[in-house]
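# What the coordinates show
Below, each chain spelled out in residue letters.
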Amino acid sequence: MGNDTHDTPDRHPQDVRHTDRREDRREDRRAGYDGTGEGPITPDGCAVEVWSRLPVGDAPDVIEAAVPAGASILELGCGVGRMTHPLSDRGFTVTAVDESAEMLARVRPGVRTVRSPIEKLDLGERFDVVMLASFLVHAGDMTIRQQLLETCRRHVAEDGRVLVQREGEDWHLNVPRETSIGPGAWSRLVSVTPVGDGVNSVRFEYGFPDGVWTQTFLSRPLGTEEFEQALADAGLTVERYLTADRTWVRARPTGQSQD
């Protein structure tokens, strides 16, 4: 599995409904997305409390090794800042983007935050690095997926790099499975159910000594060829796979010469 929290996919944006209701109310959930447990639940089923507790793993090491020291990073789908904070601590200038105000409220002061759906983001700026982690590229809606990648291309400097985290090749096959995420805590991939058009409904459970949370979301598996074609359609070219399991990828704007 990946080098973030191995079996814990994060945010898969779909059509955003703007509303005055609290984000954790069930009527605000997107079709195919749900979550349960104490505290706010975002429209795509993520429990803010869970993402505040999950370990970040070695993702910051992978990122640091793949980009220039002190680079400006646009982090798309930052959540509560699990990767934002260690990257900032390592000298990177991070702009953290998320659609959830309750997620962004957990990002520490001093970090620039932007509340926006990723697919609609247009800051009018370019960054040394644009990062689309947490398996966002596996959004069930292919139009949304392409919009996410186009956002990456729109914001990366012409000599910059885009980092994408993708699921492992057999991620939807080895089910059920459980991963330790700390003392007395676990992440369990409970089920993967086809729902048509190549999309799966995925259900996770997260257990901690003081409670259990769940998340259900839609995910579209992507083989290497399909993944690379999706990037190409957005004007990006895979430069190299950064990890042995090929879950972290570095891409560059198409037409840019390689180092």
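Quantities reported herein were computed from a predicted structural model and do not represent experimental measurements.

### Things to note about the packing of aromatic side chains
According to the stated counting rule, one finds five aromatic pairs in the structure shown. Relative to Phe204, the ring of Trp171 lies with its centre 6.1 Å away and its plane at 25°, an arrangement referred to as stacked. With a gap of 33 residues between them, Trp171 in the loop between β6 (156–165) and β7 (177–182) and Phe204 in strand β9 (residues 199–208) connect regions that are remote in the sequence. By relative accessible area, which is 0% here, Trp171 ends up buried. Given a relative accessible area of 0%, Phe204 falls into the buried group. With a centroid separation of 5.8 Å and 15° between ring planes, the pair formed by Phe204 and Tyr206 is classed as stacked. Just as Phe204 is buried, Tyr206 falls in that class too. Through a chain of ring-to-ring contacts, three or more aromatic side chains come together here, namely Trp51, Trp171, Phe204, Tyr206 and Phe217. Geometry around Phe208 places Arg53 over its ring, the cationic atom sitting 5.0 Å from the centre. The ring of Trp186 is capped by Arg188, whose NZ or CZ atom sits 3.9 Å from the centre of that ring.

### Examining the packing of helix α5 (residues 142–155) against helix α6 (residues 224–233)
Angle between the axes and distance between the axes: these two values describe a pair of packed helices. With their axes 9 Å apart at the nearest point, α5 and α6 run at an angle of 60° to one another. On the basis of the axis angle, α5 is oblique to α6. Crossing of α5 over α6 shows right-handed handedness. Mapping the contact onto sequence places Arg145, Gln146 and Leu149 in α5 and Glu226, Ala230, Leu231 and Asp233 in α6.

### Concerning the sheet that holds β9
Strand order in this open sheet of five strands is β1-β10-β9-β8-β7, and the pairing throughout is antiparallel. At either end of the open sheet lies a strand with only one pairing partner, and these are β1 (34–36) and β7. Each neighbouring strand pair of the sheet contributes to a mean axis angle of 20°, computed without reference to strand direction. Note: β9 against strand β10 (residues 211–219), nine bridges, orientation antiparallel. Paired with Glu205 across the bridge in β10 is Thr214.

### Observations concerning the side chain of Arg145
Examined against the element boundaries, Arg145 turns out to sit in helix α5. Among the polar contacts listed, one links the side chain of Arg145 to the side chain of Gln146, at a separation of 3.4 Å. The contacts of Arg145, once residues within four sequence positions are left out, are Val137, Ala139, Arg220, Leu222, Glu226 and Ala230.

### A short note on the nonpolar core
Leu76, Val130, Leu132, Val162 and Phe227 are the most contacted members of the largest nonpolar core, which has 29 residues in total. Looking at this core, the elements with two or more residues in it are β2 (72–76), β5 (127–132), α5, β6, α6, β11 (236–241) and β12 (248–253). Met103, Ala185, Val192 and Val199 belong to the second largest nonpolar core, which has 23 residues in total.

### Looking at the pairing of β6
Across the 10 residues of β6, eight count as buried, placing the element largely inside the fold. Pairing of β5 with β6 involves five bridges; the strand directions are parallel. Along β6, the bridge assignment pairs Met131 with Leu163. Bridge analysis of β6 against β12 gives four bridges, and the strand direction is antiparallel. Bridging from a neighbouring strand, Val162 pairs with Ala251 of β12.

### Here we look at the pairing of β2
Of all five residues in β2, five are buried, a share of seventy percent or more. Residue alternation in β2 divides its side chains into two sets, Ser72, Leu74 and Leu76 and Ile73 and Glu75, and both sets are buried. Of the pairings in the sheet, the one linking β2 to strand β3 (residues 93–98) comprises five bridges and is parallel in character. By the bridge assignment for β3, Ile73 is matched with Val94. Read as a crossover between parallel neighbours, the route from β2 over helix α3 (residues 84–89) to β3 is right-handed. Here β2 runs beside β5; their pairing, made up of four bridges, is parallel. What sits directly across from Leu74, in β5, is Val130.

The rules behind the values
Residues numbered from 1 in each chain as written. Predicted model: local features only at pLDDT ≥ 70, side-chain atom pairs only at ≥ 80, totals over all residues. Heavy atoms only, no water. Phe/Tyr/Trp six-rings, centres within 6.5 Å; stacked < 30°, edge-to-face > 60°. Helix = DSSP H or I, 4+ residues; strand = E, 2+ residues; numbered from the N terminus. Buried < 20%, exposed > 50% of the residue type's maximum accessible area, 1.4 Å probe, protein only. Lys NZ or Arg CZ within 6 Å of the ring centre and 35° of its normal. Axes fitted to C-alpha atoms, helices over the stretch in contact; angles between N-to-C directions. Parallel < 35°, antiparallel > 145°, perpendicular 65-115°, else oblique. Left-handed = near helix turned anticlockwise from the far one by under 90°. Contact = heavy atoms within 4.5 Å. Pairing = 2+ DSSP bridges. Polar contact = N/O pair within 3.5 Å; in protein donor to acceptor, adjacent residues only side chain to side chain. Core = buried A, V, L, I, M, F, W, Y, C linked by side-chain atoms within 4.5 Å. Right-handed = clockwise from strand over helix to strand, strands pointing away.

Keep in mind that these numbers describe shape and distance, not what the molecule does.
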